[in-house]
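Results of the structural survey
The primary structure of each chain is shown beneath.
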Amino acid sequence: METNKDLKVQDKKSNLTLDSRKKLVLTGVIEVLSFDDEKILLNTCLGMLTIKGQELKMNKLDVQNGDVIMVGTISSLVYATGNVKPEKKDSILARLFR
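Per chain, the residues get numbers from 1 upward, laid out in the order the sequence is written. Residue-level local features of this predicted model are given only where pLDDT is at least 70; pairs of side-chain atoms are given and counted only at 80 or more, and the full residue set underlies all totals for whole chains, interfaces and linings. Computation of side-chain values covers all heavy atoms of the structure but excludes hydrogens and water.

**Details of the pattern of salt bridges**
We apply this condition: What counts as a salt bridge is simple: a side-chain nitrogen of Lys or Arg found within 4 Å of a carboxyl oxygen of Asp or Glu. Residue burial is assigned from relative accessible area. The probe radius is 1.4 Å, only protein chains are included, and a residue is buried under 20% of its type maximum, exposed over 50%, and partly exposed in between.
Using the criterion set out here, one finds one salt bridge in the structure. In this structure, the salt-bridge partner of Asp67 is Lys60, at a minimum N-O distance of 3.9 Å. Note on Lys60: relative accessible area 35%, which makes it partly exposed.

Below you can see the structure in the form of structure tokens.
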């Protein structure tokens, strides 16, 4: 039997297509956190994604639909573990009445 947490992860859709290490097509992108020609940091619906390479350029950036296309020489793709969203800090009153 699947847990509620497992269902939430399956509901999130994200695709990653790498073509000859030169072209990367991503869906499910929430926001671009940082970008330069050697490293791109993205927040996706499945976690933080770090892309490293040389001469990286974004051909298409449509954050509203979650689509990104980039070109360059891609050397690594790494998803970070843990929560996608930073936790909200409770107010003092909320902590007192737990």
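**Observations concerning the pairing of strand E5 (residues 47–62)**
Heads up, the condition is: Strands are labelled as partners when DSSP assigns at least two bridges between them. Under the scheme used here, helices are H or I runs from DSSP no shorter than 4 residues and strands are E runs no shorter than 2 residues, and both carry numbers assigned from the N terminus.
As paired elements, strand E4 (residues 39–44) and E5 share six bridges and run antiparallel to each other. Across the sheet, the residue bridging to Lys39 is Lys52, located in E5. The hairpin formed by E4 and E5 contains two residues between the paired strands. Where E5 meets strand E6 (residues 67–79), 11 bridges bridge the pair, whose relative direction is antiparallel. Bridge pairing in E6 links Leu49 to Tyr79. With antiparallel pairing between neighbouring strands as the criterion, E5 and E6 make up a hairpin whose turn holds four residues, including Gly66 at a positive phi of roughly 80°.

**Some thoughts on the pairing of E4**
Alignment of strand E3 (residues 29–35) against E4, held across five bridges, turns out to be antiparallel. What sits directly across from Ser34, in E4, is Leu41. What sits between E3 and E4 in their antiparallel hairpin is a turn of three residues.

**Points about a negative patch on the surface**
Just so we agree on the cut-off: To count toward a patch, a residue needs a relative accessible area above 30% and no salt bridge. Like charges then connect within 9 Å, nonpolar side chains (Val, Leu, Ile, Met, Phe, Trp, Tyr) within 5 Å. Computed with a 1.4 Å probe, the accessible areas rest on the Shrake-Rupley method; for each residue, only the protein chains presented here act as cover. In this count, Lys and Arg are taken as positive residues and Asp and Glu as negative ones, while His and the chain termini are left out. All charge positions are set by atom: Lys at NZ, Arg at CZ, Asp at CG, Glu at CD.
Residues Asp36, Asp37, Glu38 and Glu55 make up a contiguous surface patch of negative charge. Checked against the element boundaries, Glu55 lands in strand E5.

**Quick look at the nonpolar core**
Keep this limit in mind: Only buried residues count toward a nonpolar core. Its members are Ala, Val, Leu, Ile, Met, Phe, Trp, Tyr and Cys residues joined through side-chain atoms within 4.5 Å. Residue contacts are counted whenever heavy atoms from the two residues lie within 4.5 Å of one another.
Listed in full, the 11 residues of the largest apolar core are Leu24, Leu26, Val29, Ile40, Leu42, Leu49, Ile51, Leu56, Val68, Met70 and Ile74. Contributions of two or more residues to this core are made by strand E2 (23–26), E4, E5 and E6. The contact partners of Leu56, leaving out residues within four places of it in the chain, are Phe35, Asp36, Asp37, Glu38, Lys39, Ile40, Ile51, Val71, Gly72, Thr73 and Ile74.

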